Amino acid sequence: MDGTIDNGTAWLERPDHHGESTHAFWPDPEAYTGIVGALHRAGVPTATHAIGDAAVRHALDAVEKARATGGDPAVRHRIEHIETVPDDTLGRFAALGVTASMQPTHCCDFTRADHTDNWSRRLGEERAGRAWRCRDLVDSGATVVLGSDWPIAPFPPLGVLAGAVHRRPTRDLTQPPHGPGQALTALEALRGLTTGPAYAAGEERTAGRLAPGHRADLTVLAADPLTTPAAELPDVPVLLTAVDGRVTHRAPRL
């Protein structure tokens, strides 16, 4: 639906401080709405890039209209990024069954707690204060999944897990967190990398957890991610990885 806030191509409900980010990427947003409706009725889940508040709202509106026209109610749609949204948008994710897919390391590494970064200056204090509302979305009942947006940001999932918990710049963990009230617990962040993505993909009965009948997709870590301090998580060694029961990585010590 839009580009990015940093270069003035997001779609915001009010212009940024440079007078930019006022338009959708789609030349005709209503054409997008029609496409989402057609895909929904065909049973095809969608994933929409939407960063600005207007883009997120329009994507949610499109799903709402699509669901009102029929189709399989079990079809799952998701929105990617969701960098700044107002209060009245939060509850709509759970109500419409839309997955919120977010990248907490964007907040950690591309913005600052004091709002002196380009992203925050463009938005101003009010909207910058609504940065990556992971906590509010979880509390509203939404399924929140976490990712890296690689290759834009580093891929390693333990870094993503850590960022969701500490919300500090990974290059300098002594810096204050950006929006500490939006931090997730270690368990919530782990769900965002395991059971959440499985649900978003419609595979929660076969993936995302260690259980009989599920695929043996698993990672063995050298420390418990639920009790290891968030700042130390990125350095925890991976001892073993298996994909569908096949070992794809084994540390020398094993």
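Preceding this section is the structure that the text describes.
Here the residue numbers are simple positions, counted from 1 along each chain's written sequence. Side-chain atom pairs in this predicted model are given and counted only at pLDDT of 80 or more, local residue features only at pLDDT of at least 70, and totals for whole chains, interfaces and linings cover all residues. Think of the side-chain values as coming from all heavy atoms in the structure, minus any hydrogens and water.

### Side note on the overall build of the chain
When you go through the chain residue by residue, the secondary structure sums to nine helices and seven strands. In this treatment the radius of gyration is a C-alpha quantity, and the globule benchmark scales as 2.2 Å times the residue count to the 0.38 power. The globule rule puts the C-alpha radius of gyration for 254 residues at 18 Å, and the 19 Å found for the chain is close to it. Once the C-alpha set of the chain is aligned to its principal axes, its extents read approximately 55 × 45 × 30 Å. Only protein chains enter the accessibility calculation, which uses a 1.4 Å probe. A residue is then buried if its area is under 20% of the maximum for its type, exposed if over 50%, and partly exposed in between. Each of the 254 residues in the chain was classed as buried or not, and the buried ones make up 46%. Any pair of residues with heavy atoms lying within 4.5 Å of one another is described as a contacting pair. Contacts in the chain between residues at least 24 apart in sequence constitute 64% of all its contacts with a sequence separation of at least 6. Numbering of helices and strands starts at the N terminus; helices are DSSP runs of H or I of at least 4 residues and strands are runs of E of at least 2.

### Remarks on the pattern of salt bridges
Salt-bridge detection follows one rule: a side-chain nitrogen of Lys or Arg within 4 Å of a carboxyl oxygen of Asp or Glu. The final tally for this structure, using the stated rule, is 17 salt bridges. Two residues, R122 and D16, come together in a salt bridge whose shortest N-O distance is 2.7 Å. With R122 in helix α5 (residues 118-128) and D16 in the segment before α1 (29-41), this pair connects stretches of sequence that are 106 residues apart. With a relative accessible area of 5%, D16 lands in the buried category.

### Observations regarding the side chain of T105
Relative to the helices and strands, T105 resides in helix α4 (residues 104-110). Overall, T105 belongs to the buried group, its relative accessible area being 6%. Setting aside its immediate chain neighbours within four residues, T105 contacts F110, S148, A153, G159 and V160.

### Focus: the sheet that holds strand β6 (residues 238-243)
Note: two strands are recorded as paired if DSSP finds a minimum of 2 bridges between them. One open sheet holds the three strands; their spatial order is β5-β6-β7, and the pairing between them is antiparallel. The open sheet has two free edges, formed respectively by β5 (218-221) and β7 (246-250), since each of these has just one partner strand. Pairwise comparison of adjacent strand axes, ignoring direction, gives a mean angle of 15 degrees for this sheet. Judged from the four bridges that link them, β5 and β6 form a sheet pairing that is antiparallel. By the bridge assignment, T219 is partnered in β6 with T241. Helix axes are fitted only over the stretch in contact, all axes being lines through C-alpha atoms; the angle between N-to-C directions runs from 0 to 180 degrees.

### Points about the packing of aromatic side chains
For this analysis, a ring pair means two rings from Phe, Tyr or Trp (six-membered ring only for Trp) whose centres lie within 6.5 Å, classed as stacked if their planes differ by under 30 degrees, edge-to-face if by over 60, and tilted for the remaining angles. Taken as a whole, this structure holds two aromatic pairs when the rule is applied. Note on W26 and Y32: the rings are 5.5 Å apart at their centroids and 70 degrees apart in plane angle, and the pair reads as edge-to-face. Assessed through its relative accessible area of 29%, W26 is described here as partly exposed. Since its relative accessible area comes to 5%, Y32 is described here as buried.

### With respect to the packing of helix α7 (residues 157-166) against helix α8 (residues 186-193)
Closest axis-to-axis distance for the α7/α8 pair is 9 Å, and the angle between their directions is 140 degrees. The angle between α7 and α8 falls in the class oblique. As for how α7 packs across α8, the hand of that crossing is right-handed. From α7, P157, V160, L161, A164 and V165 reach across to α8, where they touch A186, A189, L190 and L193. Each residue receives one of three labels: charged for Asp, Glu, Lys and Arg, nonpolar for Ala, Val, Leu, Ile, Met, Phe, Trp, Tyr, Cys and Pro, and polar for the others, Gly being one of them. Within the contact of α7 with α8, the residues separate by chemical class into nine nonpolar, no polar and no charged. Should an angle fall under 35 degrees it is taken as roughly parallel, and over 145 as roughly antiparallel, whereas 65 to 115 is taken as roughly perpendicular and any remaining angle as oblique. Whether a crossing is left-handed or right-handed is set by the direction in which the near helix is turned from the far one by less than a right angle, anticlockwise for left-handed and clockwise for right-handed.

### Focus: α7
Most of α7 is tucked away, with eight of its 10 residues classed as buried. Buried residues in α7 make contact with α4, β4 (144-146), α8 and β5. Downstream of α7 by one or two residues, R167 has phi in the positive range, about 50 degrees.

### Remarks on the sheet that holds strand β2 (residues 77-81)
As summarised here, the arrangement of the four strands in space is β1-β2-β3-β4, forming an open sheet in which the pairing is parallel. Each having just a single partner strand, β1 (47-50) and β4 make up the two edges of the open sheet. Adjacent strand axes in the sheet meet at a mean angle of 25 degrees, parallel and antiparallel pairs treated alike. Bridge analysis of strand β3 (residues 98-102) against β4 gives three bridges, and the strand direction is parallel. Following the sheet pairing, A100 is matched in β4 by V144.

Geometry only, nothing functional implied.
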